[in-house]
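Coordinates in review
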Amino acid sequence: MNDVVLEVEDLVVEFDTRPPVRAVRGVSFQVRRGERVGIVGESGCGKSVTAMALLGLVDPPGRIVSGSVRVAGVEVVGAPPRELRRLRGKEIAMVFQDPTTSLNPVFRVGRQIADVLAYHGWGDPRTRAARVVELLRRVGIPDPERRARAYPHELSGGMRQRVMIAMAIANEPAIVVADEPTTALDVTVEAQILLLLDELVERSRTAVVFISHDLRVVSEVCDRVLVFYAGRIVEEGDLAEVFAAPRHPYTRALLSLAFSGREARSSIPGAPPDLSRPLAGCPFAPRCDRRAERCDREPPLLGDGGHRFACWYEEAS
Amino acid sequence: MRRLLRRRLLLLPVTLLGVTLVTFLAIHLIPGDPAEVLAGGPLATPEAVEAMRTRLGLDRPLPVQYLSYLGRLLRGDLGVSLFTGRSVASEIGERFPASLELAAAALLLGLPVGTALGALAATRRDRLPDHLARVISLVGLSLPSFWLALLLVWLFAVKLGRLPFGGQLPPFTEVPRRTGLVVVDTLLAGDPGLTLEALRHLVLPAVTLAFVPIALTSRYTRAALAEELASPHVRTARAFGLPERVVVWRYAARNAMLPLVTLLGILLPALLGGAVLIEVVFSWPGLGTYLLLAIQSRDYAVVQAVTLLLAVLYVLASLLVDLSYGLLDPRVRERG
Ligand SMILES: Nc1ncnc2c1ncn2[C@@H]1O[C@H](COP(=O)(O)OP(=O)(O)OP(=O)(O)O)[C@@H](O)[C@H]1O
Ligand code: SF4
Ligand SMILES: [Mg+2]
């Protein structure tokens, strides 16, 4: 059990807007050392909010209402700022979607990586500079000595994302959370970045939480997958199992869309529920072709075991 | 960066030429006739006015007048005051240091206070510092400066009797003029007691004048810093566990400083020329009182010269702003 590096229990995140939006509605999962876990789901289902909550970094008006997040055994929810700071970038690091805006435009990239080392007490300036060059080389940046002195705008999108990844692995964290790290990049660069993430994990036994709405991408990099819908996990299991035999109608719909071979990005008919309202029954009911009377009354619970899913219909069958 | 520098410097003479054209034309467009004023006012005979017009060269075609104006400017000749008969350049030289001293004091006071206030407001939004900043900037921007001046005089000079007001030094004291900056001159004269007096005389006008930079910088800082603090790269810095003080003061402040530099370029010339009423209230012997007197007495040469000076200062300040932008922002430096 002490192999678990991330443990999320019944996490609830709400935005105090008008009306309040309950974006994450009781999410629980675990991630083990070196494991690669994918989070998939339609836009707005709470993937990014969950990711930020893992760092205890939900910006106002958002707040973690209840639940628990333990990173490397340390509780994040309600932790004092000093403790959070120690975890962030050291035990758990984040790679954001858009490397263009996520790096500071007025500082050299090497300096930004060096700062992440410095504020976690890594070495002295000279050894840090050497470490930065080594990190840049490790993420496949050619001529790293020179590139360390570049400003973000002097690098291509793919290079910038490599810099973000170098920053993420700088302190050899237990977990790297990558929130759609390739969405802003073109397809060939995307493939290179995915390969890079793959190699880094193999080598360092760092766990990766990989967020994407692209199931094909997830199928290439993950061992296990969590399917999010309306702020909840509706299905979870080993990638091969879930992809071969999806149990939740929503997962099935996502998969058939992703692998239908159609180029145009179509979507599942209907829209996800309004997250500012309480949900009485199954959140997927209005869009589900298996919907039964019970589905509107009682929310289906996520079962136990390796392959979990929240659906009345499947449970009965 | 070098290209940026070269382009800006090449553009400078063109801009300056434009400025001279505007001040030249402005004096011809505003109502009133300098020849008439100088010939003795409304009671002067038409012949006398005409004679004066010829003497001043005002009967020549405008382009010719402009060229001779330019020629005089190039020789450093700003004309002669219609009233004192002295060279405007030397009169400006006498009065400029007093204005500079006042403006510098207001900036030295206003910038740090304004930035700190704005930064506090941005990091503690809708809390006490934020409200305080809002009130101060409201006062600074909406209350007429002479009103504020009178208020401060009443409070500190009359009611509390703690500070002097009027002039730069106590009555009947003088200091050998070296730089023209009284605070510096008293120091050079080796009279620290008098320096203290000069500083005490400086406090009220400087504080009054400082309300404008405080108001503007605190607003700018608050807006710019709040925007930076909500930006993705600041989110990154936080997500990587950088201490909040580093996030705010290094990662966000550097970017937020850029608009502040522009503001500085606007402020300095504005403070030099915009202290007219404050200078009058405090009997401050600077450009402001000089300009006001000149306007009242239709002393065209003086009005023209002071306006030109302020405009040139403005142009030079913007040049400095552009260059410092290049130093602060690598993206601008690149584009050159
Ligand atoms: N700052 C905010 N204020 C109010 N509501 C928010 C805010 N940020 C997110 N939300 C709400 O939280 C929900 C989940 O958002 P989240 O960004 O996690 O979605 P996502 O799954 O990452 O989607 P995407 O694929 O588009 O990135 C959204 O439906 C939105 O309504
Ligand atoms: S619980 Fe009912 S409505 Fe929900 S997914 Fe299953 S069958 Fe469909
Ligand atoms: Mg997202």
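Residues numbered from 1 in each chain as written. Chains lettered and ligands numbered in written order. Predicted model: local features only at pLDDT ≥ 70, side-chain atom pairs only at ≥ 80, totals over all residues. Heavy atoms only, no water.

Moving on, we get to the sheet that holds strand 7 (residues 175-179) of chain A. All names here are of chain A. In spatial order, the strands read 6-7-8-3-9-10-11; together these seven strands make up an open sheet with mixed pairing. If you trace the sheet from one side to the other, it starts and ends with strand 6 (92-95) and strand 11 (308-309), each paired once. In this sheet, strand 9 (residues 224-229) lies alongside strand 3 (residues 36-40) in parallel orientation, the contact comprising four bridges. Following the sheet pairing, G38 is matched in strand 9 by V225. Helix-sheet contacts for helix 7 (residues 157-169) involve strand 6 and strand 7, and the interaxial angle to strand 6 is about 175°. (Pairing = 2+ DSSP bridges. Helix = DSSP H or I, 4+ residues; strand = E, 2+ residues; numbered from the N terminus. Contact = heavy atoms within 4.5 Å. Axes fitted to C-alpha atoms, helices over the stretch in contact; angles between N-to-C directions.)

This part covers the side chain of T251 of chain A. Residue and element names in this part refer to chain A. Considering the arrangement of structural elements, one finds T251 in helix 11 (residues 249-258). Taking relative accessible area as the criterion, T251 reaches 2% and is therefore assigned buried. Excluding its chain neighbours within four sequence positions, the residues that come into contact with T251 are V227, E235, V242 and P246. (Buried < 20%, exposed > 50% of the residue type's maximum accessible area, 1.4 Å probe, protein only.)

A separate point is the pairing of strand 1 (residues 4-15) of chain A. All names here are of chain A. Most of strand 1 sits inside the fold, with nine of its twelve residues counted as buried. Where strand 1 meets strand 2 (residues 21-32), nine bridges bridge the pair, whose relative direction is antiparallel. Residue pairing across strands places F15 opposite V21, the latter belonging to strand 2. Hairpin connection, strand 1 to strand 2: the antiparallel pair is bridged by five residues.

Another point: the sheet that holds strand 5 (residues 74-75) of chain A. All names here are of chain A. Read from one edge of the open sheet, four strands run 2-1-4-5, paired in antiparallel fashion. Each edge of the sheet is formed by a strand with only one pairing partner; in this case those strands are strand 2 and strand 5. Pairing of strand 4 (residues 62-71) with strand 5, which is carried by two bridges, proceeds in the antiparallel orientation. Bridging from a neighbouring strand, R70 pairs with E75 of strand 5. Contacting strand 1, strand 2 and strand 4, helix 1 (residues 47-54) crosses the sheet at an angle of about 120° to strand 1.

Right, let's talk about the packing of helix 4 (residues 109-118) of chain A against helix 7 of chain A for a bit. Residue and element names in this part refer to chain A. Packing of helix 4 against helix 7 leaves a shortest axis separation of 9 Å and a crossing angle of 20°. Relative to helix 7, the element helix 4 lies roughly parallel. Helix 7 is crossed by helix 4, and the crossing has right-handed handedness. Across the interface between the two elements, V109, Q112, I113 and V116 of helix 4 pack against V163, A166 and M167 of helix 7. (Parallel < 35°, antiparallel > 145°, perpendicular 65-115°, else oblique. Left-handed = near helix turned anticlockwise from the far one by under 90°.)

Attention shifts here to the packing of aromatic side chains. Residues and elements named next belong to chain A. Overall, the coordinates contain nine aromatic pairs over all chains when judged by the stated rule. On the numbers, 4.5 Å between centres and 55° between planes, the contact of Y229 with Y250 is tilted. Of this pair, Y229 sits in strand 9 while Y250 sits in helix 11, and the two are 21 residues apart along the sequence. Per residue, the accessibility class of Y229 equals that of Y250, and both read buried. (Phe/Tyr/Trp six-rings, centres within 6.5 Å; stacked < 30°, edge-to-face > 60°.)

Residue and element names in this part refer to chain A. Neighbouring ligand 1 are 13 residues, the closest being S43, G44, K47, S48 and V49. Taking S43, its side chain carries an N or O atom lying 2.4 Å from an oxygen atom of ligand 1. G44 is positioned with one of its backbone polar atoms (N or O) 2.8 Å from an oxygen atom of ligand 1. Coverage of ligand 1 by the protein amounts to 66% of the 640 Å² it exposes when considered alone. With three residues, helix 1 is the single largest residue contributor to the shell around ligand 1. Of the residues in the shell around ligand 1, the class split is five nonpolar, five polar and three charged. (Near = heavy atom within 4 Å. Polar contact = N/O pair within 3.5 Å; in protein donor to acceptor, adjacent residues only side chain to side chain. Areas by Shrake-Rupley, 256 points an atom, 1.4 Å probe, with all protein chains shown as cover. Nonpolar A, V, L, I, M, F, W, Y, C, P; charged D, E, K, R; others polar.)

Bringing a nonpolar patch on the surface into the picture now. Residues and elements named next belong to chain B. A surface patch of nonpolar side chains, about 840 Å² in accessible area, is lined by F146, W147, L150, L151, W154, L155, V158, L160 and L277. Position of L155 among the secondary structure elements: in helix 7 (residues 145-159). Residue classification places L155 among the partly exposed residues on the basis of a relative accessible area of 33%. (Patch = residues over 30% accessible without salt bridge, like charges linked within 9 Å, V, L, I, M, F, W, Y side chains within 5 Å. Salt bridge = Lys/Arg side-chain N within 4 Å of Asp/Glu carboxyl O.)

Around ligand 2 sit H248, P249, C282, F284, A285, C288, R290, C295, P300, C311, W312 and Y313 of chain A, and that is every residue in its neighbourhood. By residue class, the composition of the shell around ligand 2 is ten nonpolar, one polar and one charged.

A common way to express how large an interface is: the accessible area buried when the components associate. Taken residue by residue, the interface counts 28 residues in chain A and 22 residues in chain B. The interface formed by chain A and chain B contains one salt bridge. Here R250 of chain B and D115 of chain A are joined by a salt bridge, their closest N and O atoms 3.0 Å apart. Summed over the shared surface of chain A and chain B, the result is seven residue pairs in polar contact (both at pLDDT 80 or more). Secondary structure elements with two or more residues in the side of chain A that touches chain B: strand 6, helix 3 (99-102), helix 4 and helix 7 of chain A. Of the residues that constitute the side of chain A that touches chain B, the class distribution is 16 nonpolar, seven polar and five charged.

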